[in-house]
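The residues making up each chain are set out below.
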Amino acid sequence: MLTIFNYRLIAALVLSTVIIMSVFGAVRFYLSEKAFEANLDSLVFQTSNRITSAVKPSIWSIYSKSVERSFSQEFASGVLDSELLGEYVVGVVVYGQFGHIYMGKWKDRQGQVFSYDVKQRKKLIEYADFRRTFPISFDTMTLGKVELFIDTTAFKQHQKDTLIVELIQIGIVSIFFVFVLFYMIKRSLLKPMRKLELAHKTFASMTEAIVYTDHKGDIYEFNNAFLNMLKPGAVDVVGKNIQAFFPEAFNTFASVFAEGAHEAWQGEASFCSYDSCVVPVWLTVSVVEEDAQSLDNPDGASELVFVFQDISERKNAEAKLQKLAFHDVLTGQPNRQYFEEELALNLNLAQRQGRKLSLIFIDLDNFKHINDALGHAAGDDVLIEAAKRFRLRLRRADFLARIGGDEFTVIVNGVTDSEESACIAKGLIEALNEPIVINNTEFKVGASIGIANYPDDAEDEQELIKNADIAMYNAKDLGKNQISFFSNELNEKVEHYFELKNNLDVAIKHGEFRLYFQPKVDLLANKICAAEALIRWIKADGTLVTPDNFIPVAEDTKQIIAIGQWVVETAIQQLKDWKGTEFNDLSLSINVSAIQLYDDSFLPHLKSNLVSSGINPAQLEIEITETAVITDTETAVKILYELKKLDVMLSLDDFGTGYSSLSYLRLLPVDILKIDRSFIASAKEGNVSNKILASIIALAQDLAIDVVAEGVEDEAHLNLLLAHQCQLGQGYYFSRPLPLAQFSELDLDLSLH
């Protein structure tokens with residue numbers, strides 16, 4: 001556009017210059033010709049006077065002597081020759097009084113002078129541009145006349161040459177003038193033109209649709225984006241009223257401007273295109289005030305500018321983000337945030353309407369085993385299937401959410417009693433009765449469900465969530481796949497649980513644990529040969545907390561790992577301290593929980609302490625329960641063999657209480673069996689327990705495994721064990737667990753029999 005403007009500007013300047021030069025040339029030519037005519041008249045008149053003066057004596061001399069006349073004629077002829085030397089006179093003819101030719105001369109175009117002959121008159125007339133006649137007078141008497149033939153060809157050529165030179169000079173000056181003028185005009189106009197062109201390009205290329213209307217809303221200008229939004233049939237837009245495209249929003253912003261507002265109005269609006277497609281747009285309407293009247297707007301009324309953009313993609317993206325923000329990506333069910341907001345709304349509604357509400361907490365049973373065995377992809381499939389089954393069992397008004405992991409919640413509105421929510425919970429458990437098939441393998445997944453009711457169990461959402469969660473964990477404690485309602489007793493139990501957990505943190509930090517030692521006796525040699533290190537918790541106020549009160553909580557919270565590490569370190573240090581004393585040969589056993597056994601840090605920590613202490617590893621005995629092995633047999637066997645590489649002794653505690661004790665003996669690299677106290681307590685001569693006891697001792701002896709009988713409480717127990725040739729025993733009959741100081745005072749030699 002700017003290039004076209006440059007060309008047009010140059011063309012206009014050149015044309016203007018040509019016109020000016022043409023007018024100047026014409027005027028200059030006209031004035032030059034007029035000046036020449038005036039000058040020529042004077043010149044011709046002077047020439048005629050000179051010739052008249054020259055020939056007058058000659059004519060007058062007809063009355064004089066012949067000699068004088070001859071001289072006069074000769075002089076007059078010379079004058080004629082001299083006049084013909086000029087530029088314009090090409091012929092001179094002198095006539096006498098009665099019209100006869102007195103003398104005459106003429107010259108051709110080459111300047112050669114000839115005597116005049118009447119035969120040449122016609123040619124001379126054609127040759128000359130015009131002729132003039134002047135009388136020859138003497139006083140009052142006319143003696144003859146002089147006829148001059150004038151040729152202006154030389155003048156015209158001179159005039160033409162002069163004009164061409166002048167025009168060339170003017171042209172050179174004009175060219176310089178054109179360039180100077182072009183630069184000045186360009187400098188003053190081109191920058192605004194460039195801005196105008198840029199504004200026009202911007203207007204045309206903007207992605208936002210822009211429409212200009214008059215104060216009535218009639219369209220008179222728009223850009224391409226507006227046409228694109230109209231889609232098919234985008235013709236005859238000029239003159240249409242903008243209300244046709246914004247039927248809903250028009251009255252809104254029109255009323256605003258009608259009230260005298262001059263600021264822009266903006267908001268979301270619906271745009272109607274020609275194909276009847278309603279498109280959501282973000283619309284800005286601005287008022288353009290006219291400072292004065294114009295031809296386009298004679299009334300000086302305000303005009304409107306509509307700027308809008310299709311926000312369909314943005315709204316779709318917002319909807320997707322909204323779904324992602326409030327829905328679980330895996331199952332498509334509402335997530336925790338959505339659940340908490342929905343619960344708060346439903347509680348407010350229930351409070352206003354005086355209705356009840358139940359919150360159901362669901363935790364999938366055995367889900368971790370599927371995740372560990374088949375991987376997270378299989379676990380995801382289980383969650384998706386479980387969510388589908390739960391949804392099918394619920395009413396349309398019930399709100400199902402997945403709040404994390406394998407936990408789901410259900411908000412049940414308008415329940416009349418606990419039986420109604422229990423019925424819904426029962427249906428959820430039944431939904432998982434059929435096994436879930438993953439990779440052609442069937443998996444039995446159950447559900448532990450806890451229920452808390454508003455307003456009976458809680459008055460706000462956080463308390464209701466907490467109480468439903470408490471009830472759910474109680475369902476798990478009851479044996480899984482159960483339904484449990486919240487109660488105050490459960491709440492007290494949980495409060496005690498968390499109080500104990502917090503106190504355990506304090507105990508670990510401040511070292512409130514102690515090791516007590518209970519001797520193991522060689523029944524055949526009447527001698528203490530080993531001891532079991534048993535943990536005790538003595539709080540800062542001196543209160544003794546027994547292991548059966550805090551170990552379950554420590555295992556559940558995995559605080560047992562830190563506690564177990566302390567036991568390992570303290571027991572090894574004790575064996576090191578016993579070196580060089582009478583307890584030098586004693587072995588010391590420690591109990592290792594399943595949580596500790598399967599922890600990745602257990603083996604490295606044990607090995608590090610054994611190496612740094614320098615004790616004989618065989619003096620350290622690791623006691624594990626049969627249930628710890630059953631939890632994950634394959635992994636447990638690997639860990640036990642790694643322990644054996646450290647040369648420690650392995651003991652299988654509570655033997656006989658598991659599901660398949662005898663079958664494990666051939667798999668586990670154990671050195672010692674500890675027969676559970678229940679067999680010792682119930683064994684009597686001839687009963688089943690006694691026979692089982694005898695079989696276990698005999699089997700262990702055949703396998704070269706030492707046997708320790710726990711729970712020897714009296715002499716009858718001792719005699720029973722001696723009768724079965726059981727070599728090792730442990731129990732209150734010999735000694736209760738003792739603090740280190742008291743244990744150190746024991747005599748290793750005993751008098752048992």
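Reading guide: rules and limits
Residues numbered from 1 in each chain as written. Predicted model: local features only at pLDDT ≥ 70, side-chain atom pairs only at ≥ 80, totals over all residues. Heavy atoms only, no water. Patch = residues over 30% accessible without salt bridge, like charges linked within 9 Å, V, L, I, M, F, W, Y side chains within 5 Å. Areas by Shrake-Rupley, 256 points an atom, 1.4 Å probe, with all protein chains shown as cover. Salt bridge = Lys/Arg side-chain N within 4 Å of Asp/Glu carboxyl O. Buried < 20%, exposed > 50% of the residue type's maximum accessible area, 1.4 Å probe, protein only. Pairing = 2+ DSSP bridges. Helix = DSSP H or I, 4+ residues; strand = E, 2+ residues; numbered from the N terminus. Axes fitted to C-alpha atoms, helices over the stretch in contact; angles between N-to-C directions. Contact = heavy atoms within 4.5 Å. Lys, Arg positive; Asp, Glu negative; His and termini not counted. Charge placed at Lys NZ, Arg CZ, Asp CG, Glu CD. Expected span 1.5 Å × (residues − 1). Arc of directions from axis to C-beta. Parallel < 35°, antiparallel > 145°, perpendicular 65-115°, else oblique. Nonpolar A, V, L, I, M, F, W, Y, C, P; charged D, E, K, R; others polar. Polar contact = N/O pair within 3.5 Å; in protein donor to acceptor, adjacent residues only side chain to side chain. Phe/Tyr/Trp six-rings, centres within 6.5 Å; stacked < 30°, edge-to-face > 60°. Lys NZ or Arg CZ within 6 Å of the ring centre and 35° of its normal.

Trainee: Help me out: how do you make sense of a nonpolar patch on the surface in this one?
Mentor: Together, Leu-15, Ile-19, Val-23, Val-27, Tyr-30 and Leu-31 line one region of the surface with nonpolar side chains, adding up to about 580 Å² of accessible area. Taking the relative accessible area as the measure of exposure, Leu-15 reaches 53% and is therefore exposed.

Trainee: Where do I start with the pairing of strand S7 (residues 219-222) in this structure?
Mentor: Bridge count between strand S6 (residues 209-213) and S7: three bridges; the pairing is antiparallel. Residue pairing across strands places Thr-213 opposite Ile-219, the latter belonging to S7. A loop of five residues connects S6 with S7, the two strands running antiparallel in sequence, and Gly-217 in this loop sits at a positive phi of about 95°.

Trainee: Explanation requested: the sheet that holds strand S10 (residues 303-310) in the structure shown.
Mentor: With antiparallel pairing, five strands are arranged side by side in an open sheet as S7-S6-S10-S9-S8. Each edge of the open sheet carries a strand with a single partner, namely S7 and strand S8 (265-272). For this sheet the average axis-to-axis angle between neighbouring strands, irrespective of direction, equals 30°. Relative to S10, S6 runs antiparallel, the two sharing five bridges. Bridge pairing in S10 links Thr-213 to Leu-304. Helix H7 (residues 312-326) rests against S8, strand S9 (278-288) and S10 of the sheet, and its axis sits at about 125° to S9.

Trainee: I'm lost on the sheet that holds strand S11 (residues 357-365) in this one. Help?
Mentor: Two pairing modes exist for strands in a sheet, parallel and antiparallel, and in both the strands are linked by backbone hydrogen bonds. If you walk across this open sheet you meet the five strands as S12-S13-S11-S16-S17, and the pairing is mixed. Since the sheet does not close on itself, it has two edges, and those belong to strand S12 (399-404) and strand S17 (483-485), each with one partner. Each strand axis lies, on average, 20° off the axis of its neighbour in the sheet, ignoring direction. Judged from the five bridges that link them, S12 and strand S13 (residues 407-413) form a sheet pairing that is antiparallel. Bridged to Ala-401 within S13 is Thr-409. Across the sheet, helix H8 (residues 336-353) is in contact with S11, S12, S13 and strand S16 (446-454); its angle to S12 comes to roughly 140°.

Trainee: Sorry if this is basic, but what is going on with a negative patch on the surface here?
Mentor: A contiguous patch of negative charge on the surface is contributed by Glu-489, Glu-492, Glu-495 and Glu-499. Structurally, the position occupied by Glu-499 is in helix H13 (residues 488-510). Look at Glu-499 and you get partly exposed, because its relative accessible area is 48%.

Trainee: Where do I start with helix H17 (residues 602-613) in this structure?
Mentor: Because an α-helix completes one turn every 3.6 residues, residues spaced three or four positions apart along the sequence face the same direction. Between its terminal C-alpha atoms H17 stretches 17 Å, which fits the 16 Å expected from twelve residues at 1.5 Å a residue. Phe-602, His-605, Leu-606, Asn-609, Leu-610 and Ser-613 are the residues of H17 that are buried. Down the axis of H17, the sector holding all buried residues measures 130°, keeping them to one side. Exposed residues lying more than 90 degrees from the buried face of H17 are Val-611 and Ser-612. Tucked inside the fold, the buried residues of H17 contact helix H15 (560-577), helix H16 (594-597), strand S22 (620-625) and helix H19 (633-645).

Trainee: It is not clear to me how the packing of H13 against helix H14 (residues 547-557) should be interpreted in this structure. Could you clarify?
Mentor: Geometry of a packed helix pair, given as the angle between the helix axes and the separation of the axes. It is at 10 Å that the axes of H13 and H14 come closest, and there the two elements cross at 85°. Taken together, H13 and H14 sit at an angle that is classed as roughly perpendicular. Contact residues: Tyr-497, Leu-500, Lys-501 and Leu-504 in H13; Asn-549, Phe-550, Val-553, Ala-554, Asp-556 and Thr-557 in H14. Here the residues of the contact of H13 with H14 sort into six nonpolar, two polar and two charged.

Trainee: Where do I start with the side chain of Ser-484 in this structure?
Mentor: Turning to its location among the elements, Ser-484 is positioned in strand S17. A relative accessible area of 4% places Ser-484 in the buried class. Among the polar contacts listed, one links the side chain of Ser-484 to the backbone oxygen of Ala-471, at a separation of 3.4 Å. Setting aside chain neighbours within four positions, we find Ser-484 in contact with Ile-449, Gly-450, Ile-451, Ala-471, Asn-474, Ala-475, Leu-478 and Leu-490.

Trainee: Help me understand the environment of Gly-711 in this model?
Mentor: The residue Gly-711 is located in the loop between strand S25 (706-710) and helix H23 (715-723) in this model. Put simply, Gly-711 and Tyr-732 are 21 residues apart on the chain and 7.1 Å apart in space, counted from C-alpha to C-alpha. With residues up to four places along the chain from it excluded, the contact list for Gly-711 reads Arg-677, Ile-680, His-717, Gln-730 and Gly-731.

Trainee: For this particular structure, what's the right way to read the packing of aromatic side chains?
Mentor: Given two aromatic rings, one states the distance between the centres and the angle between the planes to describe the pair. By the definition in use, this model includes 24 aromatic pairs. On the numbers, 5.2 Å between centres and 75° between planes, the contact of Tyr-338 with Phe-399 is edge-to-face. With Tyr-338 in helix H8 and Phe-399 in strand S12, the pair connects residues that are 61 residues apart, well separated along the chain. Judged by relative accessible area, which is 11%, Phe-399 ranks as buried. Clustering of aromatic rings is evident, with ring pairs tying together Phe-222, Phe-226, Phe-245, Phe-246, Phe-271, Phe-306 and Phe-308. If you follow Arg-536 out to its NZ or CZ, it ends over the ring of Tyr-516, 5.7 Å from the centre.

Structural measurements only, silent on function.
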